[in-house]
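The primary structure of each chain is shown beneath.
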Amino acid sequence: MYTEKVMDHFSNPRNVGEIPDANGIGEVGNAKCGDIMRIYLKVKDNVIEDVKFKTFGCGAAIATSSMVTEMVIGKTLEDALEISNQAVAEALGGLPPAKMHCSNLAADALHEAIKDYMSKQPKEA
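Residues numbered from 1 in each chain as written. Predicted model: local features only at pLDDT ≥ 70, side-chain atom pairs only at ≥ 80, totals over all residues. Heavy atoms only, no water.

Draft legend 1. Representation of the overall build of the protein chain within the structure. Looking only at helices and strands, the protein chain features 6 helices and 3 strands. Expected size for 125 residues packed as a compact globule is a radius of gyration near 14 Å; at 14 Å, the protein chain falls within 12% of this value. With the principal axes as the frame, the protein chain shows a C-alpha extent of 50 × 30 × 25 Å. Evaluated residue by residue, the protein chain yields a buried proportion of 43% over its 125 residues. (Helix = DSSP H or I, 4+ residues; strand = E, 2+ residues; numbered from the N terminus. Rg over C-alpha atoms; globule rule 2.2 N^0.38 Å. Buried < 20%, exposed > 50% of the residue type's maximum accessible area, 1.4 Å probe, protein only.)

Draft legend 2. Inspection of unusual backbone geometry at higher detail. Within the chain, asparagine 15 stands out as a residue other than glycine whose phi angle is a positive 60°. Residue placement: asparagine 15 occurs in the loop between helix 1 (4-11) and strand 1 (24-30). A positive phi angle, close to 70°, is found at asparagine 46, a residue other than glycine.

Draft legend 3. Looking closely at the pattern of salt bridges. One pass over the structure, following the stated rule, counts 7 salt bridges. A salt bridge links glutamate 27 to arginine 38, with the nearest nitrogen and oxygen atoms 2.3 Å apart. Of this pair, glutamate 27 sits in strand 1 while arginine 38 sits in strand 2 (residues 35-44), and the two are 11 residues apart along the sequence. The class for arginine 38 is partly exposed, based on a relative accessible area of 33%. (Salt bridge = Lys/Arg side-chain N within 4 Å of Asp/Glu carboxyl O.)

Draft legend 4. Spatial organisation of the environment of lysine 52. Tracing the backbone shows lysine 52 in strand 3 (residues 47-56). Among the residues examined, lysine 52 registers a relative accessible area of 21% and is labelled partly exposed. Residues lysine 52 and tyrosine 40 lie 12 residues apart in sequence; the distance between their C-alpha atoms is 5.2 Å.

On their own, these measurements won't tell you what the molecule is for.
Here's what the structure looks like:
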């Protein structure tokens, strides 16, 4: 049912935890299946220096959260905003169709964290 890569990211998730002084936090959830994802960003000079996640959900939800953190470290905010839920699923070698709609919220949580970061930046005159 799940690819080897999905199982690896579920069994050995990368970048789990919180960033106490995160300057961007995004949270998304899906009431239908109960998955909740929170992504913490540390951004410096428009580049994602560090990223952590906390996810309450199924194995696919944990795997997609883990994968998206791997995909964005060292990327600019603009490049990170280009990452879609489909790209995360493809990086994991695919997800079962039944898991695509509720488990793969990782890019959405990332985008919310970036929006949170950007909303805290001083506005240019």
